[in-house]
Amino acid sequence: MTDSTTTDETTVLPPVAPVHPGAAGPLAELQARDITAWFGDRKVLDRVSLTMPAGGITALIGPSGCGKSTFLRILNRMHELVPSARLAGEVLLDGQDVYDPDRRLIDARRAIGMVFQKPNPFPAMSIRENVLAGLRLTGTRASRSVKEELVESCLTKAGLWTEVRDRLDAPGGGLSGGQQQRLCIARSLAVKPRVLLMDEPCSALDPTSTRVIEETMLELAREVTIVIVTHNMQQAARVSSTCAFFLASHGTPGVIVEHGDTRAMFSSPRDQRTSDYVNGRFG
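Reading the values: the criteria
Residues numbered from 1 in each chain as written. Predicted model: local features only at pLDDT ≥ 70, side-chain atom pairs only at ≥ 80, totals over all residues. Heavy atoms only, no water. Helix = DSSP H or I, 4+ residues; strand = E, 2+ residues; numbered from the N terminus. Rg over C-alpha atoms; globule rule 2.2 N^0.38 Å. Buried < 20%, exposed > 50% of the residue type's maximum accessible area, 1.4 Å probe, protein only. Contact = heavy atoms within 4.5 Å. Lys, Arg positive; Asp, Glu negative; His and termini not counted. Charge placed at Lys NZ, Arg CZ, Asp CG, Glu CD. Pairing = 2+ DSSP bridges. Axes fitted to C-alpha atoms, helices over the stretch in contact; angles between N-to-C directions. Salt bridge = Lys/Arg side-chain N within 4 Å of Asp/Glu carboxyl O.

Looking at an unreviewed UniProt entry, one finds the chain named Phosphate ABC transporter ATP-binding protein and attributed to Nocardioides deserti.

See the structure below:
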């Protein structure tokens, strides 16, 4: 990273904005246009276009290996971390391409956060330090009082505050699996993302923890646009407002077969392949 300076508090990347516990700003629309992706010579996505509406939850569904997670990672520039990866097309956040050469990678990651399949809190850090870790990583400065407000605000939004408020200095790795995942959500929220990407966030959790995470997502959708990859059709039907069905077959790259209103796709899909998938007849 160029043009950075180091202080005792954090690595500061100019320009550095102060953080406040309030909302990140207007709800954001995310749009993918003609996304084609490769790993080496293997094409894994072919001209995928999708609009993910502001303030809603978009579910990406489809069989394993059809490119859903690759597409999700493309949305916040994680695809380029793979040495052999290539990409064509655009990802627009409120009309601005996150891959624009003039746009810093750290700005894209700050605006579009990510929660992974397996909870990944920093085990040596306390619950409080885990929530605030993103500030250091993005070079965001905040006073001690603002940090304390931010910890409470983010843990509350992630549905975890009442369970951990008396042990904020305990290790984050000591929480249960469901609590760890909610801690990771709180950590993502601390840098005020406008979009939150979630890659099968409940696949490793028990039904009770899954229900809590789903309730958390529905609450968060009031102030952040959410895109979730899930293999659980019941979950997609419960939490998402829009849905996109990905499919790849016979060695061909992944495409979107159908997308639109979730209720319509589950009750009266336009494509027979969608009907077969959502009703458990394949995949």
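Further notes follow.
**Describing the overall build of the chain**
Along the backbone of the chain there are ten helices and twelve strands. Relative to a compact globule of 283 residues, whose C-alpha radius of gyration would be 19 Å, the chain shows 19 Å and is just as compact. Taking the principal axes of the C-alpha coordinates as reference, the chain spans close to 55 × 45 × 30 Å. Taking all 283 residues of the chain together, the buried fraction comes to 51%. Within the chain, residue pairs in contact and separated by at least 24 positions form 69% of the contacts whose partners lie at least 6 positions apart. The average position of the 32 basic charges and that of the 32 acidic charges among the side chains of the chain differ by 2 Å.

**Remarks on the sheet that holds strand β10 (residues 225–229)**
If you walk across this open sheet you meet the six strands as β8-β9-β10-β5-β11-β12, and the pairing is mixed. A strand with exactly one partner marks an edge of an open sheet, and here the two such strands are β8 (112–115) and β12 (255–261). Averaged over all pairs of adjacent strands, the angle between their axes in this sheet comes to 15 degrees, without regard to strand direction. Here strand β9 (residues 195–199) runs beside β10; their pairing, made up of five bridges, is parallel. Pairing of M198 across the sheet is with I228, part of β10. Lying over the sheet, helix α1 (residues 68–75) contacts β5 (57–61), β8, β9, β10 and β11 (242–247), oriented at roughly 155 degrees with respect to β9. The strands touched by helix α7 (residues 207–220) are β5, β9 and β10; relative to β10, the strand with the most contacts, the crossing angle is about 145 degrees.

**Describing the environment of V98**
Secondary-structure assignment places V98 in the loop between β7 (96–97) and α2 (105–111). Owing to a relative accessible area of 0%, V98 belongs among the buried residues under this scheme. Those residues in contact with V98, other than ones at most four positions away along the chain, are L75, R77, V91, L93, R103, A108 and I112.

**What to know about the pattern of salt bridges**
Under the criterion given, the structure shown has 18 salt bridges. Measuring nitrogen to oxygen at the nearest pair gives 3.1 Å for the salt bridge that ties E80 to R77. Accessibility expressed as a relative area gives 36% for E80, which makes it partly exposed. Owing to a relative accessible area of 10%, R77 belongs among the buried residues under this scheme. Between R110 and D107 there is a salt bridge whose closest N-O contact spans 3.5 Å. Of this pair, R110 and D107 both sit in helix α2, three residues apart, which is roughly one turn of that helix. Each of the salt bridges in this network shares a partner with another, and the network as a whole consists of K43, D46 and R47.

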